[in-house]
Amino acid sequence: MKRLCLLIGLLTMPLLVAVAQKNLHVNAIFEGKIIPKNRMVETLAKGESLEQYRLSYFRSVKMNVTDMEYTSIYELVTKDVGMETLAEDMEYGRDNDKASYFILHLPKQQKLERYLCYQCYEASRGGKNITLVYIEGKASMKELKKMFKKK
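Residues numbered from 1 in each chain as written. Predicted model: local features only at pLDDT ≥ 70, side-chain atom pairs only at ≥ 80, totals over all residues. Heavy atoms only, no water.

**Here we look at the nonpolar core**
So, step 1. Counting residues in hydrophobic clusters, the biggest one holds 24 residues, and the most contacted among them are Val26, Ile29, Met63, Ile73, Tyr118, Ile130 and Leu132.
So, step 2. At the level of elements, helix H2 (27-30), strand E2 (55-65), helix H3 (67-82), strand E4 (98-109), strand E5 (112-122) and strand E6 (128-137) are the ones that each hand at least two residues to this core.
So, step 3. Per element, the largest residue contribution to this core is five residues, and it comes from H3.
So, step 4. If near-sequence neighbours (up to four positions away) are discounted, Val26 is found in contact with Leu76, Val77, Asp80, Leu116 and Leu132. (Core = buried A, V, L, I, M, F, W, Y, C linked by side-chain atoms within 4.5 Å. Buried < 20%, exposed > 50% of the residue type's maximum accessible area, 1.4 Å probe, protein only. Helix = DSSP H or I, 4+ residues; strand = E, 2+ residues; numbered from the N terminus. Contact = heavy atoms within 4.5 Å.)

As structure tokens, this is what we get:
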């Protein structure tokens, strides 16, 4: 019976993570509803490969976008930032009155810390390069900042 419960728990864990991310406006970006998936580079990692970082789920998308696409993405990103109340636990930078990067600490879910990260800069070949990352795990904001500074 214990084995069956453990097996069911392990099989449903990915579904819980997917549900947690769907509560965000930016999920439309990750799902390819704003920029087609064939124009994005996606990285997805979960499980043992992330344990050394105290993380359980990492999903990122990188893309080159037009100014019009950038506007749509920026609106979704700011909706998620605006709905959060943990602004004191947010690292960010601005460029021309718009966020150029941030790491936002989202409310915990399933006893896991959740973060949304965003970076945008002018592309050398035109448009903008955007990276969007969703992270879950037990790492603190301080630990994430330390990890990102190493990269």
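**Observations concerning H3**
So, step 1. Its 16 residues give H3 an end-to-end C-alpha distance of 22 Å, which sits within 8% of 22 Å, the value for a rise of 1.5 Å per residue.
So, step 2. Here H3 has its buried residues at Glu69, Tyr70, Ile73, Tyr74, Leu76, Val77 and Asp80. Projected onto a plane normal to the axis of H3, the buried residues spread over an arc of 165° and lie on a single side. In H3, the exposed residues that point more than 90 degrees away from the buried face are Asp67, Met68 and Gly82. (Expected span 1.5 Å × (residues − 1). Arc of directions from axis to C-beta.)

**Comments concerning the side chain of Glu69**
So, step 1. With respect to the helices and strands, the residue Glu69 is situated in helix H3.
So, step 2. Once residues lying within four places of it in the same chain are set aside, the contact partners of Glu69 are Ile35, Arg39 and Asn64.

**Let's talk about the packing of aromatic side chains**
So, step 1. A full pass over the atoms with the stated rule returns four aromatic pairs.
So, step 2. Considering the side-chain rings of Tyr57 and Tyr134, the 6.0 Å spacing of their centres and the 70° angle between planes classify their relative orientation as edge-to-face. With Tyr57 in strand E2 and Tyr134 in strand E6, this pair connects stretches of sequence that are 77 residues apart. Like Tyr57, the residue Tyr134 is buried in the burial classification.
So, step 3. Here the aromatic rings of Phe102 and Tyr118 are separated by 5.5 Å at their centres, their planes lie at 25°, and the arrangement is stacked. Taken as a pair, Phe102 in strand E4 and Tyr118 in strand E5 lie far apart in primary sequence, 16 residues in all.
So, step 4. The exposure class of Tyr118 is buried, given its relative accessible area of 3%.
So, step 5. Ring pairs connect the aromatic residues Tyr70, Tyr74, Phe102 and Tyr118, which therefore count as one cluster. (Phe/Tyr/Trp six-rings, centres within 6.5 Å; stacked < 30°, edge-to-face > 60°.)

**Some points on the pattern of salt bridges**
So, step 1. Counting across every chain of the model gives eight salt bridges.
So, step 2. Across the pair Arg59 and Glu42 runs a salt bridge, and its minimum N-O distance is 2.6 Å. Linking Arg59 in strand E2 with Glu42 in strand E1 (residues 40-46), this pair joins segments that are 17 residues apart in sequence.
So, step 3. Classification of Arg59 by relative accessible area gives buried; the value is 9%.
So, step 4. Connected via shared salt-bridge partners are Glu31, Lys37, Glu42 and Arg59. (Salt bridge = Lys/Arg side-chain N within 4 Å of Asp/Glu carboxyl O.)

**Focus: the side chain of Arg59**
So, step 1. A polar contact of 3.4 Å, which involves the side chain of Arg59, links it to the side chain of Glu31.
So, step 2. A distance of 2.6 Å separates the side chain of Arg59 from the side chain of Glu42, its partner in a polar contact. (Polar contact = N/O pair within 3.5 Å; in protein donor to acceptor, adjacent residues only side chain to side chain.)

**Looking at the pairing of E2**
On a regular strand, each side chain points to the face opposite its neighbour's, so the side chains alternate between the two faces of the sheet.
So, step 1. Sheet topology places E1 next to E2; seven bridges connect them, and they run antiparallel. Across the sheet, the residue bridging to Lys46 is Tyr57, located in E2.
So, step 2. Pairing of E2 with E6, which is carried by ten bridges, proceeds in the antiparallel orientation. Following the sheet pairing, Val61 is matched in E6 by Leu132. (Pairing = 2+ DSSP bridges.)

Keep in mind these numbers describe shape, not what the thing actually does.
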